[in-house]
Amino acid sequence: MAASLWKSLLQTTKERILQQRRASLYVGADGYEEELIKKKLQQFAGGSINLSKVNNGIGILTLNNPKLMNAFTGTMMLELQERVTELENWKDGKGLIIHGAGNTFCSGSDLNAVKAISNSQDGINMCMFMQKTLTRLMRLPLISVALVQGKAVGGGAELTTACDFRLMTPGSEIRFVHKHMGLVPGWGGAARLVRIVGSGAALQLLSGAAKVDPERALHLGLSEETLSSSDETGALEEAQAWLSQYTEGPASVIRAVKKVVTAGRELPLEAALRTEKDIFGTVWGGPANLQALVTRPKHK
Ligand SMILES: CCCC(=O)SCCNC(=O)CCNC(=O)[C@H](O)C(C)(C)COP(=O)(O)OP(=O)(O)OC[C@H]1O[C@@H](n2cnc3c(N)ncnc32)[C@H](O)[C@@H]1OP(=O)(O)O
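All values derive from a computational prediction rather than experimental measurement. (Residues numbered from 1 in each chain as written. Predicted model: local features only at pLDDT ≥ 70, side-chain atom pairs only at ≥ 80, totals over all residues. Heavy atoms only, no water.)

**Some words on the environment of Ile-37**
Argument step 1. Along the chain, Ile-37 falls in helix α2 (residues 34-42).
Argument step 2. A residue is classified by how much of its surface remains accessible, and Ile-37, at 2% relative accessible area, is buried.
Argument step 3. With 90 residues separating them along the chain, Ile-37 and Cys-127 place their C-alpha atoms 9.9 Å apart.
Argument step 4. With residues up to four places along the chain from it excluded, the contact list for Ile-37 reads Tyr-32, Asp-122, Asn-125, Met-126 and Phe-129. (Helix = DSSP H or I, 4+ residues; strand = E, 2+ residues; numbered from the N terminus. Buried < 20%, exposed > 50% of the residue type's maximum accessible area, 1.4 Å probe, protein only. Contact = heavy atoms within 4.5 Å.)

Structure, rendered in structure tokens:
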């Protein structure tokens with residue numbers, strides 16, 4: 001009886017949390033027509049977004065369009081949405097690394113596609129589509145890292161801000177070039193950047209369109225660490241080792257940690273406290289908690 005009550009409470013809470021995570025940022029009332037923009041994006045093909053799930057609970061998401069410095073074609077935007085759905089359903093996942101193929105991160109949206117959809121309605125629909133996908137990415141119950149090798153430019157710089165952490169390799173750069181394109185960020189990058197570095201620094205980075213090297217990124221709190229490797233494989237291994245220090249432990253607990261932080265980051269205090277209580281309820285008396293009560297570890 002107690003076990004079935006516990007199971008049903010857990011299920012309800014899980015569904016509520018999942019619902020909150022999927023809560024729609026834009027809906028029809030906002031003029032958002034997802035099917036319409038998906039059809040448009042389908043016309044700009046090329047590249048891919050690949051996901052591999054390593055058995056230590058870390059997923060590796062690869063932006064794969066190296067001929068165009070991993071610029072996002074329309075089909076890559078659609079594939080990113082599919083991969084995010086896959087990650088939402090990956091119950092054993094604990095961490096995620098996003099990186100680009102060919103030792104560079106991403107040069108934003110594919111300028112060929114941008115040119116073809118330069119009317120304002122298409123632009124706004126693409127912007128809403130990417131904001132929705134990146135918001136879901138940011139809210140995944142996985143600790144996420146953008147591994148910046150080479151260049152993260154325009155939308156690529158915005159994508160790094162949808163991750164919990166950024167690691168940079170020597171010689172890499174993050175650059176919000178939007179001003180030089182007569183634009184501002186539209187994939188949610190400005191809103192997230194302000195929350196990461198503060199409004200003053202965000203204003204400088206966006207209005208100056210300056211190259212942010214690893215040293216400046218560290219100083220601003222935009223990057224956590226400069227890795228020692230600048231080669232593709234070495235940097236990926238280093239990033240995995242760095243992330244492992246935070247993903248060590250049972251998936252249920254690591255995922256709960258990310259969820260309470262997401263709630264604290266996004267919700268007003270009282271709503272965050274309620275969510276924290278709900279998430280606490282999913283781990284209290286759970287297997288990891290019961291095990292710890294038996295072994296009574298000393299936290300010296
Ligand atoms: C809301 C979203 C806003 C946006 O994302 S707007 C797009 C912002 N991105 C850009 O403007 C990037 C433009 N590209 C550049 O500045 C430079 O290519 C970049 C990224 C600094 C790399 O410079 P380099 O290392 O010297 O390499 P490169 O210029 O020779 O580039 C290699 C090939 O890739 C192409 N490429 C790079 N970024 C692209 C893009 N975003 N869309 C379409 N093609 C792009 C570039 O044209 C070149 O192709 P090709 O070899 O000349 O045929």
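**A word on the environment of Lys-67**
Argument step 1. Summarising the element assignment, Lys-67 is placed in the loop between β2 (58-64) and α3 (74-88).
Argument step 2. Accessibility expressed as a relative area gives 79% for Lys-67, which makes it exposed.

**Overview of the packing of α2 against helix α5 (residues 120-138)**
Helix-helix packing: each pair is described by the crossing angle between the helix axes and the interaxial distance.
Argument step 1. Packing of α2 against α5 brings their axes to within 10 Å, and their N-to-C directions diverge by 100 degrees. When the axes of α2 and α5 are compared, the pair comes out roughly perpendicular. Contacts from Glu-34, Ile-37, Lys-38, Lys-40 and Leu-41 of α2 reach α5 at Asp-122, Asn-125, Met-126, Phe-129 and Lys-132.
Argument step 2. Looking at the contact of α2 with α5, its residues break down into four nonpolar, one polar and five charged. (Axes fitted to C-alpha atoms, helices over the stretch in contact; angles between N-to-C directions. Parallel < 35°, antiparallel > 145°, perpendicular 65-115°, else oblique. Nonpolar A, V, L, I, M, F, W, Y, C, P; charged D, E, K, R; others polar.)

**Things to note about the side chain of Gln-81**
Argument step 1. Structurally, the position occupied by Gln-81 is in helix α3.
Argument step 2. Gln-81 sits in the buried class, given a relative accessible area of 10%.
Argument step 3. The residues contacting Gln-81, other than those within four sequence positions of it, are Glu-34, Lys-38, Phe-129, Thr-133 and Arg-136.

**Digging into the site of the ligand**
Argument step 1. The environment of the ligand is formed by 19 residues, the closest being Lys-67, Ser-107, Ser-109, Leu-111 and Gly-155.
Argument step 2. Residue Lys-67 places a main-chain N or O atom 3.3 Å away from an oxygen atom belonging to the ligand.
Argument step 3. Between an oxygen atom of the ligand and a main-chain N or O atom of Gly-155, the distance comes to 2.9 Å.
Argument step 4. Relative to its unbound accessible surface of 970 Å², the ligand loses 59% to contact with the protein. (Near = heavy atom within 4 Å. Polar contact = N/O pair within 3.5 Å; in protein donor to acceptor, adjacent residues only side chain to side chain. Areas by Shrake-Rupley, 256 points an atom, 1.4 Å probe, with all protein chains shown as cover.)

**Let's talk about the pattern of salt bridges**
Argument step 1. Considering all chains together, one arrives at 11 salt bridges under this definition.
Argument step 2. Within this structure, Lys-53, Glu-79, Glu-82, Arg-83 and Glu-86 form a network of salt bridges that share partners. (Salt bridge = Lys/Arg side-chain N within 4 Å of Asp/Glu carboxyl O.)

**Some thoughts on the sheet that holds strand β7 (residues 173-175)**
Argument step 1. Pairing within the open sheet is mixed, and its three strands lie in the order β5-β7-β8. Two strands close off the open sheet at either side, each with one partner strand: β5 (151-153) and β8 (211-212).
Argument step 2. The sheet contact formed by β5 and β7 spans three bridges and is parallel. Following the sheet pairing, Ala-152 is matched in β7 by Ile-174. (Pairing = 2+ DSSP bridges.)

**Thoughts on empty space enclosed by the protein**
In this approach, a probe sized like a water molecule rolls over the atoms, and the result shows the empty space that is left.
Argument step 1. In total, this model carries one cavity of 30 Å³ or more according to the counting rule given.
Argument step 2. There is about 40 Å³ of room inside the largest cavity.
Argument step 3. The wall of the largest cavity is formed by Leu-41, Phe-44, Phe-72, Gly-74, Met-77, Ser-109, Asp-110, Ala-113, Val-114, Ile-117 and Met-126.
Argument step 4. Listed by contribution, the elements that provide at least two residues to the lining of the largest cavity are α3 and α4 (111-116). (1 Å grid on protein atoms, 1.4 Å probe; cavity = no way out; pocket = protein on both sides within 12 Å on 5 of 7 lines; lining within 4 Å. Points joined across faces, edges and corners; volume = space filled by probe spheres on them.)

**Considering the nonpolar core**
Argument step 1. In terms of nonpolar packing, the biggest core is built from 50 residues, with Phe-72, Leu-96, Ile-98, Phe-105, Leu-137, Ile-174 and Leu-222 touching the most fellow members.
Argument step 2. Once you skip the residues sitting within four places of it in the chain, Leu-222 turns out to touch Arg-166, Ile-174, Leu-193, Ile-196, Val-197, Leu-205, Val-212 and Ala-217.
Argument step 3. Core analysis: the next-biggest nonpolar cluster, separate from the first, contains 14 residues, Val-145, Leu-147, Leu-167 and Leu-236 among them. (Core = buried A, V, L, I, M, F, W, Y, C linked by side-chain atoms within 4.5 Å.)

**Observations concerning the packing of aromatic side chains**
Argument step 1. For the coordinates displayed, the defined rule picks out five aromatic pairs.
Argument step 2. Grouping aromatic residues by their ring pairs yields a cluster made of Phe-165, Trp-242 and Tyr-246. (Phe/Tyr/Trp six-rings, centres within 6.5 Å; stacked < 30°, edge-to-face > 60°.)

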